[in-house]
Amino acid sequence: MTEKQCEICGAEISGTPQKIVIDGSTMEVCKSCARFGKPEDKFTLVPKKMVPAERAFTVVRPKPRDHFKDLTELVPDFGRKIREAREGLGLSPEELGSRIKEKAALLKKIEREEISPEDAIRKKLEKELKIKLADETSETRVKSGSSGRGLTLGDIASIKRKNER
Ligand SMILES: [Zn+2]
């Protein structure tokens with residue numbers, strides 16, 4: 001009396017139905033239809049099952065700072081910091097430029113954040129203006145690992161492995 005019908009082909013299931021996940025929903029199917037989905041137990045740790053479908057429409061955006069990736073990460077408002085420090089010292093871009101042997105036009109572009117300074121220029125600016133332009137908080141964020149970004153499948157897998165030991 002407890003015989004169930006396969007939710008895919010409609011055949012009566014003898015024995016325990018196979019629970020599989022198709023497109024985010026769990027179905028009870030016969031053995032031969034089990035191959036159409038993934039075993040349910042692999043999904044129990046991932047609450048959001050609709051992700052693959054959504055992902056198909058997600059445009060992969062480059063990270064905003066990608067074009068700076070070879071450079072030290074800069075504080076977000078480095079241009080303003082440079083300008084304020086320079087003005088605090090009563091220097092014009094030309095005067096600052098001659099102190100650190102860079103063109104004033106270049107410094108102006110950096111202050112407008114049109115370009116980000118190379119490490120060598122950044123260090124000269126930091127030294128001359130006594131400011132910090134390298135974004136140390138972002139380094140800390142990377143080093144502290146999983147905090148704040150949630151678990152990934154990889155994390156879950158390693159947690160599982162640890163628990164199995
Ligand atoms: Zn079936």
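Nothing here was measured: the structure is a model prediction, and the numbers come from that model.

### So, the pattern of salt bridges
Thought 1: Counted by the stated rule, this structure contains 11 salt bridges.
Thought 2: A salt bridge links Glu94 to Lys108; its shortest N-O distance comes to 3.3 Å. In this pair, Glu94 is assigned in helix 3 (residues 93-100) and Lys108 in helix 4 (residues 104-111), connecting sequence segments 14 residues apart.
Thought 3: For Glu94, a relative accessible area of 44% translates into the label partly exposed.
Thought 4: As a salt-bridge pair, Arg122 and Glu126 come within 3.1 Å of each other at their nearest N and O atoms. Taken together, the residues Arg122 and Glu126, both in helix 5 (residues 119-129) and 4 residues apart, mark about one turn of the helix. There is no split in this pair, since Arg122 and Glu126 are both buried.

### Some words on the packing of helix 3 against helix 5
Thought 1: Axis separation between helix 3 and helix 5 bottoms out at 10 Å; the angle between their running directions is 110°. Here helix 3 is positioned roughly perpendicular relative to helix 5, judged by the angle of their axes. Crossing geometry of helix 3 relative to helix 5 is assigned as right-handed. For the pair formed by helix 3 and helix 5, the contact residues are Leu96, Arg99 and Ile100 on the first element and Lys124, Leu125, Glu128 and Leu129 on the second.
Thought 2: When its residues are assigned to classes, the contact of helix 3 with helix 5 shows 4 nonpolar, no polar and 3 charged.

### Quick word on the side chain of Glu111
Thought 1: Residue position: Glu111 is located in helix 4.
Thought 2: With a relative accessible area of 11%, Glu111 lands in the buried category.

### Description of the coordination of the zinc ion
Thought 1: Here the zinc ion is held by the protein donor atoms Cys6 (SG), Cys9 (SG), Cys30 (SG) and Cys33 (SG), which lie 2.2 to 2.3 Å from it.
Thought 2: One chain supplies every donor to the zinc ion, and in sequence these donors are spaced C-x2-C-x20-C-x2-C.

### Quick notes on the sheet that holds strand 5 (residues 38-39)
Thought 1: Judged by pairing direction, the sheet is antiparallel, and its 3 strands sit side by side in the order 4-3-5 without closing on themselves. Here the strands that pair on one side only, and so sit at the sheet edges, are strand 4 (25-29) and strand 5.
Thought 2: Both strand 3 (residues 18-22) and strand 5 contribute to a ladder of 2 bridges, which runs antiparallel. Bridging across to strand 5, Ile20 finds its partner in Pro39.

### Some thoughts on the pairing of strand 4
Thought 1: With 5 bridges connecting them, strand 3 and strand 4 associate as antiparallel partners. Looking at the pairing, Val21 lines up with Thr26 of strand 4.
Thought 2: Here strand 3 folds back onto strand 4, and the loop between the two strands holds 2 residues, one of which, Asp23, carries a positive phi near 55°.

### With respect to the environment of Lys101
Thought 1: Relative to the helices and strands, Lys101 is located in the loop between helix 3 and helix 4.
Thought 2: C-alpha of Lys101 to C-alpha of Ile121: the two residues are 20 residues apart in sequence and 9.3 Å apart in space.

### Looking at the confidence of the model for the protein chain
Thought 1: Averaged over all residues, the pLDDT of the protein chain equals 77, while 62% of them reach at least 70.
Thought 2: Segment residues 139-147 is flagged for pLDDT under 50; beyond a separation of four residues in sequence, or across chains, it makes 2 contacts in the model.

### What to know about the packing of helix 3 against helix 4
Thought 1: Closest axis-to-axis distance for the helix 3/helix 4 pair is 8 Å, and the angle between their directions is 110°. Our classification of the angle between helix 3 and helix 4 gives roughly perpendicular. Regarding helix 3 and helix 4, the two cross each other, and that crossing is right-handed. Residues Pro93, Glu94, Leu96, Gly97 and Ile100 of helix 3 touch helix 4, and the partners they reach there are Ala104, Leu107 and Lys108.
Thought 2: Among the residues forming the contact of helix 3 with helix 4, the class breakdown is 5 nonpolar, 1 polar and 2 charged.

Conventions used here
Residues numbered from 1 in each chain as written. Predicted model: local features only at pLDDT ≥ 70, side-chain atom pairs only at ≥ 80, totals over all residues. Heavy atoms only, no water. Salt bridge = Lys/Arg side-chain N within 4 Å of Asp/Glu carboxyl O. Helix = DSSP H or I, 4+ residues; strand = E, 2+ residues; numbered from the N terminus. Buried < 20%, exposed > 50% of the residue type's maximum accessible area, 1.4 Å probe, protein only. Axes fitted to C-alpha atoms, helices over the stretch in contact; angles between N-to-C directions. Parallel < 35°, antiparallel > 145°, perpendicular 65-115°, else oblique. Left-handed = near helix turned anticlockwise from the far one by under 90°. Contact = heavy atoms within 4.5 Å. Nonpolar A, V, L, I, M, F, W, Y, C, P; charged D, E, K, R; others polar. Donors = N, O, S within 2.8 Å, 3.2 Å for Na, K, Ca; no water. Pairing = 2+ DSSP bridges. pLDDT = per-residue confidence, 0-100.

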